[in-house]
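# Remarks on the overall topology
Residues per chain, in single letters:
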Amino acid sequence: MLDAIPYGRKTQSAPKIDEVHILWITAGLGCDGDTVSITAASQPSIEDVLLGAVPGLPKVHLHNPVLAYEVGEEFLDPFHKADRGEIENFVLVVEGSIPNEQLSGDGYWAAMGTDPETQQPITTNEWIDRLAPKALGIVAAGTCATFGGIHAMKGNPTGCMGLADYLGWEWKSKAGLPIVNVPGCPVQPDNFMETLLYLLRQLAGAAPMIPLDHALRPKWLFGMTVHEGCDRAAFYEQSNFATEYGSRKCLVKIGCWGPVVQCNVPKRGWIGGVGGCPNVGGICIGCTMPGFPDKLMPFMDEPPGARISSTLIQPYGALIRNLRRLTNSTLNKEPKWRHNRPQRTTGYNPEKPQATYPL
Ligand code: SF4
Ligand code: SF4
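Residues numbered from 1 in each chain as written. Chains lettered and ligands numbered in written order. Predicted model: local features only at pLDDT ≥ 70, side-chain atom pairs only at ≥ 80, totals over all residues. Heavy atoms only, no water.

Around ligand 1, the structure places 13 residues, and the nearest of them are His227, Cys230, Cys250, Leu251 and Cys256. Looking at side-chain class alone, the shell around ligand 1 contains 10 nonpolar, 2 polar and 1 charged residues. (Near = heavy atom within 4 Å. Nonpolar A, V, L, I, M, F, W, Y, C, P; charged D, E, K, R; others polar.)

Mapped onto the fold, Glu95 is located in strand β3 (residues 90–95). Of the side chains with opposite charge, Arg268 lies nearest to the buried Glu95, which makes no salt bridge, at 17 Å. In terms of polar contacts, Glu95 uses its side chain to reach the backbone amide nitrogen of Gly33, at 3.4 Å. (Helix = DSSP H or I, 4+ residues; strand = E, 2+ residues; numbered from the N terminus. Buried < 20%, exposed > 50% of the residue type's maximum accessible area, 1.4 Å probe, protein only. Lys, Arg positive; Asp, Glu negative; His and termini not counted. Salt bridge = Lys/Arg side-chain N within 4 Å of Asp/Glu carboxyl O. Polar contact = N/O pair within 3.5 Å; in protein donor to acceptor, adjacent residues only side chain to side chain.)

Side chains that differ in charge, positive against negative, can pair when their charged atoms come close. The final tally for this structure, using the stated rule, is 12 salt bridges. The partner of Glu126 in a salt bridge is Arg130, with the nearest N and O atoms 3.1 Å apart. Separated by 4 residues within a single helix, Glu126 and Arg130 lie in helix α4 (residues 124–131), roughly one turn from each other. What makes Arg130 buried here is its relative accessible area of 16%. Ionic pairing is found between Arg307 and Glu302, a salt bridge with its closest N-O pair at 3.6 Å. With a relative accessible area of 45%, Arg307 lands in the partly exposed category. Salt bridges linked by common partners bring Asp83, Asp115, Glu126, Arg130 and Lys134 together as one network.

Attention shifts here to the domain arrangement of the protein chain. Once the domains are mapped, the protein chain shows domain 1 (15–204) and domain 2 (224–331). Taking only C-alpha atoms, the centre of domain 1 and the centre of domain 2 are 34 Å apart. Listed by partner, the interface residues are 20 residues for domain 1 and 14 residues for domain 2. Contact between domain 1 and domain 2 buries roughly 1,300 Å² in total, counting both sides, with carbon and sulfur atoms accounting for 57%. If you sort the residues of domain 1 by the area they bury against domain 2, Phe147, Met153 and Gln188 come out on top, with a joint share of 34%. (Domains from an automatic or database assignment. Contact = heavy atoms within 4.5 Å. Buried area = accessible area lost by both parts, 1.4 Å probe.)

On to the packing of helix α3 (residues 72–83) against α4. Pairs of packed helices are described in terms of their axes, by the angle between the two and the distance that separates them. Their axes nearest at 9 Å, the elements α3 and α4 cross at an angle of 45°. Accordingly, the angle class assigned to the pair α3 and α4 is oblique. Considering only the axes of α3 and α4, their crossing is left-handed. When α3 is examined against α4, the residues Leu76, Phe79, His80, Ala82 and Asp83 are found in contact with a partner set consisting of Trp127, Arg130 and Leu131. Residues of the contact of α3 with α4, tallied by class, amount to 5 nonpolar, 1 polar and 2 charged. (Axes fitted to C-alpha atoms, helices over the stretch in contact; angles between N-to-C directions. Parallel < 35°, antiparallel > 145°, perpendicular 65-115°, else oblique. Left-handed = near helix turned anticlockwise from the far one by under 90°.)

Right, dumping it as structure tokens:
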């Protein structure tokens, strides 16, 4: 009789926790662009994660206001439940900058839902204060939530900031996880979903502590510069610079900050390997960086450091480019023994084959 349980089932191990809720607050000072962005992910897609396409992970329940079926109080229910301690296993995702409500006077800068007791809006700060200590982990989605971003520009009235500025850079969850920052304006779709998948694997007991750098970014995604993954870098090295948009050459002289920005978009593409920034003609404006945008503006001017490096490389680049052109023209010609004349001129010698092909 056949065994009812297949032998291969041995490879499956149960996750440490059965279910996890993802409570996603888009009520920071933001545009919901990160939520929209992740709907384009495919490695994994949101559907893959929610339908359990990756075995061995906890069952995931996503509560994101842009994507949820529920509306109003029904949507807010799991947030209140988590606050009351009725949902223990949840990851908090925050999107948008965190406003400084100490500056908002009698009003508020940002809120989500209404407190049933006071009938007053529950500010985003209040939600973070209530939920952060109870979360298994916290993920900041996008540059606004990670470092403040565009809304935290000089001159903004809200005094807003990133999540780690608000909670403290040394903050740890009840499960011992630091804040996980996935910057990008917006986040590259697969960068975010890959990070979420890593955390789910970690919570399932199937992966070690997520490796983060000093700015709490996943190391494997933000460890290299844009320039190091840009397929226009050969133009840079040969001192071949674009002077106008639409050129296929390196864009550094018309505003690309790629050499000093940590991001993998040109290497990874935007969706399914298609798109990007400098690799497809758009200057890198450093949208993943903590100093974005103030330290990189005005975007369409040549970065100050680029002037030095692109000038220094000019004599070397021109020489190397010309030498390569010479070699390239040699490689573009076939060897002379490939002909249709009746003589063999390949150098083949049946007596001494090794004379032609020495080992
Ligand atoms: S376009 Fe930008 S990232 Fe690409 S090679 Fe030039 S400077 Fe580097
Ligand atoms: S390449 Fe530059 S502009 Fe493009 S996503 Fe990365 S940091 Fe932002």
